[in-house]
Amino acid sequence: MRLALLGCGTVGSEVVRLLHHQADDLTARIGAPLEIVGIAVRRIGRERGDLPVDDGLFTTDALGLVKRDDVDVVVEVVGGIEPARTWLVEALRGGKSVITANKALLAEDGATLHDAAAEGGADLYYEASVAGAIPLLRPLRESLHGDNVTRVTGIVNGTTNFILSSMDATGAGFSEALEEATELGYAEADPTADVEGFDAAAKAAILASLAFHTRVTAADVFREGMTGVTAGDMASAREMGCTIKLLCIAERNEDSVSVRVHPAMIPRTHPLASVGDAFNAVFVEAEAAGQLMFYGRGAGGTPTASAVLGDVVAAARNRLSGTRAPSESNYAHLPVRPIGAAVTRYHINLDVDDKPGVLAAVAGVFAKHEVSIATVRQSGREEDAKLVIVTHVAPDANLAATVDALSQLEIVRSIASVLRVEGGV
Ligand code: NDP
Ligand code: HSE
């Protein structure tokens, strides 16, 4: 089996190492040896440590490598939309098996890749694109195809989970925790894609597409980052027996799906609450299977390479036996509900005047927007009076309108924070 590797950075270099170190086992498992016939990179002369490959394999001509007749499997670990899409479409249309970790491309234009795979009769595998090492997409794509998935709730970004776990454990604010994450190598120099939720939104789109047999793109996902979560919010969550996580939530009802990424309070008893450090975990609910939990390392060269190689073995076996991976399942064609129609709960922290009638006025705003209050707590007096209100479930649009109306009340000095609440708080 001849393999073209596109990209030899954090993930690609570990793919090379694992292929080398496990060569005999992989040959035995597949029934044929795997041989790397070319490695496309941006800079040929870049220092790459002691990679166990011949320097002559490196090329900057990725498209030329993909087009070679002697290539069976193309592994893409470059990232980004173009030129990766052009390379992969070329490979798939030419009948080559494609393995990619490129969540950005799959979430933005997975349809083009799936269509090219169908056209070329080729395999398209992408286990590493969501939650790194965790075997998650194959269970959704194969094992659960006899069932109906109703909800997927996940922590799918390691950087932000490290930051929020650290804020929870130490009482640190966002900037301080981000600094620590950067020093320890968890956060990238530009952490925008992680902290603003773009990375998680791409993964949410991929998960929702597989779980609900419907094409969902990153543009369909409601996204709110976690830069606004304060040390005060975390303390407030702790007082309620909760913590705060950046969640991706994909839900299905009879005739539509909703997909969102935002920070949310969850009770400490929720299985996702104890997922600390930079770990990922995904909680899947299905009609017959009930609750399933997937946990592990969502990033890093070696863990991600493990998922890539699992796909390589599957694709190579398919080629040898003349079979194919399951093709895309998108028959349900469910529309995506806007965030306003999603049913959620809010935790609202208000700075208010401390005088008779304030509570009644605040409660009146909730009633007007048909939002039912679950609990109210007042702390402080006079200048320091604060109200913490937790609602029952209501359409997000009603909750957002309630917050907007509260901000216009004279007796509300400021809205200190608004957080969504998930799980049975
Ligand atoms: P890196 O930036 O470490 O590596 C990218 C590689 O692609 C480099 O080898 C680079 O070449 C090469 N490259 C960039 N542009 C081109 C080009 N135009 N032509 C040829 N080669 C090019 O990325 P990662 O390894 O971190 O990520 C790769 C993919 O895996 C991405 O899609 C990412 O989202 C995904 N992923 C990454 C995870 C991680 O933990 N890092 C986890 C899960 C998924 P050169 O070496 O010369 O610079
Ligand atoms: N930046 C991502 C994370 C890498 O922090 O989880 C894996 O996609």
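This is a predicted model, so every value here is computed, not measured. (Residues numbered from 1 in each chain as written. Chains lettered and ligands numbered in written order. Predicted model: local features only at pLDDT ≥ 70, side-chain atom pairs only at ≥ 80, totals over all residues. Heavy atoms only, no water.)

(A) Structural detail: the layout of surface pockets. Reported here for the second largest pocket is a volume of approximately 300 Å³. For the lining of the second largest pocket, the elements supplying multiple residues, two or more each, are helix H5 (103-120), helix H6 (137-141) and helix H10 (198-212). Here the element with the most residues in the lining of the second largest pocket is H5; it accounts for 7 residues. Among the residues making up the lining of the second largest pocket, the classes are represented as 10 nonpolar, 9 polar and 5 charged. (1 Å grid on protein atoms, 1.4 Å probe; cavity = no way out; pocket = protein on both sides within 12 Å on 5 of 7 lines; lining within 4 Å. Points joined across faces, edges and corners; volume = space filled by probe spheres on them. Helix = DSSP H or I, 4+ residues; strand = E, 2+ residues; numbered from the N terminus. Nonpolar A, V, L, I, M, F, W, Y, C, P; charged D, E, K, R; others polar.)

(B) Just the site of ligand 2, in detail. Around ligand 2 lies a shell formed by Lys 103, Asn 157, Gly 158, Thr 159, Asp 194, Asp 199, Lys 203, Gly 298 and Ala 299. In the model, an oxygen atom of ligand 2 is placed 3.5 Å from a nitrogen or oxygen of the Asn 157 side chain. Between Lys 203 and ligand 2, the recorded distance is 2.8 Å, taken from a side-chain N or O atom to an oxygen atom. Contact with the protein chains hides 84% of the accessible area of ligand 2, taken as 260 Å² for the molecule alone. Among the elements of the structure, helix H7 (158-170) and H10 are those that each provide at least two residues to the shell around ligand 2. Of the residues in the shell around ligand 2, the class split is 1 nonpolar, 4 polar and 4 charged. (Near = heavy atom within 4 Å. Polar contact = N/O pair within 3.5 Å; in protein donor to acceptor, adjacent residues only side chain to side chain. Areas by Shrake-Rupley, 256 points an atom, 1.4 Å probe, with all protein chains shown as cover.)

(C) Seen up close, helix H1 (residues 10-21). Spanning 12 residues, H1 covers 17 Å between terminal C-alpha atoms, matching the ideal 16 Å at 1.5 Å per step. Burial runs high along H1: 9 of the 12 residues are buried. Within H1, the full set of buried residues consists of Val 11, Gly 12, Ser 13, Glu 14, Val 15, Val 16, Arg 17, Leu 18 and Leu 19. Where H1 is buried, its residues touch strand S1 (2-6), helix H2 (23-30), strand S2 (35-40) and helix H12 (301-321). (Expected span 1.5 Å × (residues − 1). Buried < 20%, exposed > 50% of the residue type's maximum accessible area, 1.4 Å probe, protein only. Contact = heavy atoms within 4.5 Å.)

(D) Structural context of the packing of aromatic side chains. Within this structure, the stated rule accounts for 2 aromatic pairs. Aromatic side chains Phe 279 and Tyr 295 sit 5.1 Å apart centroid to centroid with 5 degrees between the ring planes, which places their arrangement in the stacked category. Here the residue Phe 279 occupies a position in strand S11 (residues 279-286), and Tyr 295 occupies one in strand S12 (residues 290-297), the gap between them amounting to 16 residues. You can call Phe 279 buried: its relative accessible area is 17%. (Phe/Tyr/Trp six-rings, centres within 6.5 Å; stacked < 30°, edge-to-face > 60°.)

(E) Structural detail: the site of ligand 1. Surrounding ligand 1, one finds 22 residues, the nearest of these being Cys 8, Arg 43, Arg 46, Arg 48 and Gly 300. At 2.8 Å, a side-chain N or O of Arg 48 approaches an oxygen atom of ligand 1. Between ligand 1 and Lys 103, the relevant distance is 3.3 Å, taken from an oxygen atom to a side-chain nitrogen or oxygen of the residue. Considering ligand 1 on its own, with 910 Å² of exposed area, one finds that the protein chains cover 80% of that surface. Of the residues that constitute the shell around ligand 1, the class distribution is 10 nonpolar, 7 polar and 5 charged.

Interpretation note: all reported values are geometric properties and have no functional meaning in isolation.
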